Amino acid sequence: MAAELPFEKPLLELQDKIKELRAFSEEQGIDLGTEIARLEERARTLSEEIYNSLTPWQKTQIARLPARPTTLDYIGMLLTDFVELHGDRAFGDDPSIVGGIGLFEGLPVTVIGHQKGKDTKDNISRNFGMSHPEGYRKALRLMRQADKFGRPVICFIDTPGAYPGMAAEERGQSEAIAHNLLEMAKLRVPLISIVTGEGGSGGALALGMGNRIYMLEHAVYSVISPEGAAALLWKDAGLAQKAAESMKITAQDIIRFGFLDGIIKEPFGGAHKNRAEQADAIRKTLAEALDELRPLSPEELVEERRRKFLQIGAMEGMVSGDIK
């Protein structure tokens, strides 16, 4: 069995060996229970050694796995009666961002998120989760609609970054992202953002100005990809692993900076190992956040969001009264 990721190879080889011994034991009628139990214990120990000491680059590799659940996967597991809405009412529809209306535990909500593909053909169709301006304008249209009808907004973030192509720039990529940031700051409904995989630069932040911001345990969030940082700093994208180590991009790093409200635990080995378990963990986090935010008035939601982002990056020693 081929390893999903290089650092998993020893574990997967051991698991293959266990399967072979079980099959041989059944075929030959030989009791190999002791040997199988020993290997299973070794596999458990090795698994803990690997996944409890992942490097930032290894977490980046996990965050990018095509097998990880996407926004549409989470929508299917968390919402009922979901209706997807399309288009920005100006240029067209961008399939790299999906959104619509559904019921979360009986509560009407608007859900918006980046959408990567499941295979090469799907990824090409969805531009590998890299959005054009019309994608961000579609997201903003849905946020405004949610604001009008008093629906909480839930955003799932998973993108390498906004698409940097010429056509996107010609159609106002930076303006579209900036406009989203301005309008999200003024939303009068609860806004919850969850980084489920990659949180890449402004393309991620365009869905990320939440009253509550969470990251999955092995997600990453950064101003630029490790490859991009390595190319800029050392003129060598091959030094991405070195860049990842220095950029502090993991959920565990970012929560120490005060940017996150919590880290959502992943199943052992990553969200793709048990999608139902991951969806249940997200469900619990969303329910708790909505219980906290829904009693707040529109004015309180706006003010809480404003102060939250003003506090980010505040110098040590400043007190709340210093922030205007």
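Here's what I pulled together on the structure shown here. Please read these numbers as outputs of a predicted model, since none were measured by experiment.

Describing the packing of aromatic side chains
Here the distance between the centres and the angle between the planes together describe a pair of aromatic rings. For the structure on display, the rule yields four aromatic pairs. Where Tyr74 meets Phe156, the ring centres are 5.6 Å apart and the plane angle is 25°; that geometry is what we call stacked. Taken together, the residues span a long stretch of sequence, with Tyr74 in helix 4 (residues 71–78) and Phe156 in strand 4 (residues 153–159) at a distance of 82 residues. Taken together, a centroid distance of 6.3 Å and an interplanar angle of 85° make the contact between Phe259 and Phe309 edge-to-face. Here Phe309 lies in helix 14 (residues 298–311) and Phe259 lies in the loop between helix 12 (251–256) and strand 8 (262–264), a separation of 50 residues in the sequence.

Some points on the nonpolar core
Judged by nonpolar contacts, the single largest core of 55 residues is most densely connected at Ile112, Met143, Ile194 and Ile282. If you tally residues by element for this core, the top one is helix 13 (residues 275–293), at seven residues. Sequence-distant contacts of Ile112, defined by excluding residues within four places in its chain, comprise Ile97, Val98, Gly99, Ala139, Leu142, Met143, Val153, Ile154, Cys155, Phe156 and Leu207. Within the second largest apolar cluster, 16 residues are counted, among which are Leu5, Leu11, Leu39 and Leu46.

Structural notes on the pattern of salt bridges
Inspection of every chain in the model, using the stated rule, returns 25 salt bridges. Connected through shared salt-bridge partners, Arg64, Lys116, Asp158, Glu198 and Glu227 make up one network.

Remarks on the environment of Val220
Counting through the fold element by element, Val220 comes out in strand 7 (residues 220–222). Residue classification places Val220 among the buried positions, given a relative accessible area of 5%. Distance from Val220 to Asp147, taken between C-alpha atoms, is 29 Å for residues 73 residues apart in sequence. In contact with Val220, not counting residues within four places along its chain, are Lys59, Thr60, Ala63, Val195, Gly197, Glu198, Gly199, Met215 and Ile249.

Some thoughts on the pairing of strand 4
With seven of seven residues buried, strand 4 lies mostly within the body of the structure. Because side chains alternate across strand 4, one face comprises the buried residues Val153, Cys155, Ile157 and Thr159, and the other comprises Ile154, Phe156 and Asp158, equally buried.

As for the environment of Gly202
Tracing the backbone through its elements, the reader meets Gly202 in helix 9 (residues 201–205). Take Gly202: its relative accessible area is 22%, and that puts it in the partly exposed class. Separated by 28 residues in sequence, Gly202 and Ser174 place their C-alpha atoms 8.5 Å apart.

Regarding the environment of Lys138
As for its position among the elements, Lys138 is in helix 6 (residues 133–149). When the C-alpha positions of Lys138 and His86 are compared, they lie 7.2 Å apart, and in sequence the two are 52 residues distant. When near neighbours in sequence (up to four residues on either side) are disregarded, Lys138 contacts Leu85, His86, Gly87, Asp88, Asp93, Asp94, Ile97 and Val98.

The rules behind each value
Residues numbered from 1 in each chain as written. Predicted model: local features only at pLDDT ≥ 70, side-chain atom pairs only at ≥ 80, totals over all residues. Heavy atoms only, no water. Phe/Tyr/Trp six-rings, centres within 6.5 Å; stacked < 30°, edge-to-face > 60°. Helix = DSSP H or I, 4+ residues; strand = E, 2+ residues; numbered from the N terminus. Core = buried A, V, L, I, M, F, W, Y, C linked by side-chain atoms within 4.5 Å. Buried < 20%, exposed > 50% of the residue type's maximum accessible area, 1.4 Å probe, protein only. Contact = heavy atoms within 4.5 Å. Salt bridge = Lys/Arg side-chain N within 4 Å of Asp/Glu carboxyl O.

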